[in-house]
Amino acid sequence: MVNSDPNDDWKKVMIVNTDTGTATFRSITKDPGYMPKKELRPGADWWLDNSMMDANVQQMKAFYSNLRDLLL
């Protein structure tokens, strides 16, 4: 699931493995000057933020709702 962010250069991402029931939460950015970041794939417009994700209450509520639907 990809969640929007108030800053258009950022998105919040939830990646779920339904086979194992595990999830990870990350931020991605299209700001080329932001560091620390990791390249997702050559030529992609978005980079993976290499630090802990921050998310507001509304974003986490959306992730929680989707996570429940996937795992229950």
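Each value, and the rule that gives it
- Residues numbered from 1 in each chain as written.
- Predicted model: local features only at pLDDT ≥ 70, side-chain atom pairs only at ≥ 80, totals over all residues.
- Heavy atoms only, no water.
- Helix = DSSP H or I, 4+ residues; strand = E, 2+ residues; numbered from the N terminus.
- Buried < 20%, exposed > 50% of the residue type's maximum accessible area, 1.4 Å probe, protein only.
- Contact = heavy atoms within 4.5 Å.
- Areas by Shrake-Rupley, 256 points an atom, 1.4 Å probe, with all protein chains shown as cover.
- Phe/Tyr/Trp six-rings, centres within 6.5 Å; stacked < 30°, edge-to-face > 60°.
- Lys NZ or Arg CZ within 6 Å of the ring centre and 35° of its normal.

**A short note on the overall build of the chain**
Link 1 in the chain: Tallying secondary structure elements over the chain gives one helix and five strands in all.
Link 2 in the chain: Secondary structure elements of the chain, listed N to C terminal, follow the sequence β-β-β-β-β-α.
Link 3 in the chain: In terms of overall dimensions, the chain has a C-alpha envelope of 40 × 25 × 20 Å along the principal axes.
Link 4 in the chain: Taken across its 72 residues, the chain has 24% of its residues classed as buried.
Link 5 in the chain: A separation of at least 24 residues holds for 36% of the contacts in the chain among residues at least 6 apart in sequence.
Link 6 in the chain: Entry remark: accessible area of the chain is about 5,100 Å², with carbon and sulfur atoms responsible for 52%.

**Considering the packing of aromatic side chains**
Link 1 in the chain: Inspection of every chain in the model, using the stated rule, returns two aromatic pairs.
Link 2 in the chain: Judged by centre distance (4.9 Å) and plane angle (85°), the ring pair of Trp-10 and Tyr-34 falls under edge-to-face. With Trp-10 in strand 2 (residues 10–17) and Tyr-34 in the loop between strand 3 (22–29) and strand 4 (37–39), this residue pair connects regions lying 24 residues apart in the sequence.
Link 3 in the chain: Against the face of Trp-47 rests Lys-37, its NZ or CZ located 4.9 Å from the ring centre.

**Notes on the environment of Asp-54**
Link 1 in the chain: Examined against the element boundaries, Asp-54 turns out to sit in the loop between strand 5 (47–49) and helix 1 (57–71).
Link 2 in the chain: You can call Asp-54 exposed: its relative accessible area is 52%.
Link 3 in the chain: For the pair Asp-54 and Trp-10, spaced 44 residues apart in sequence, the C-alpha separation works out to 11 Å.
Link 4 in the chain: Setting aside residues up to four positions removed in sequence, Asp-54 forms contacts with Lys-12, Ser-27 and Gln-59.

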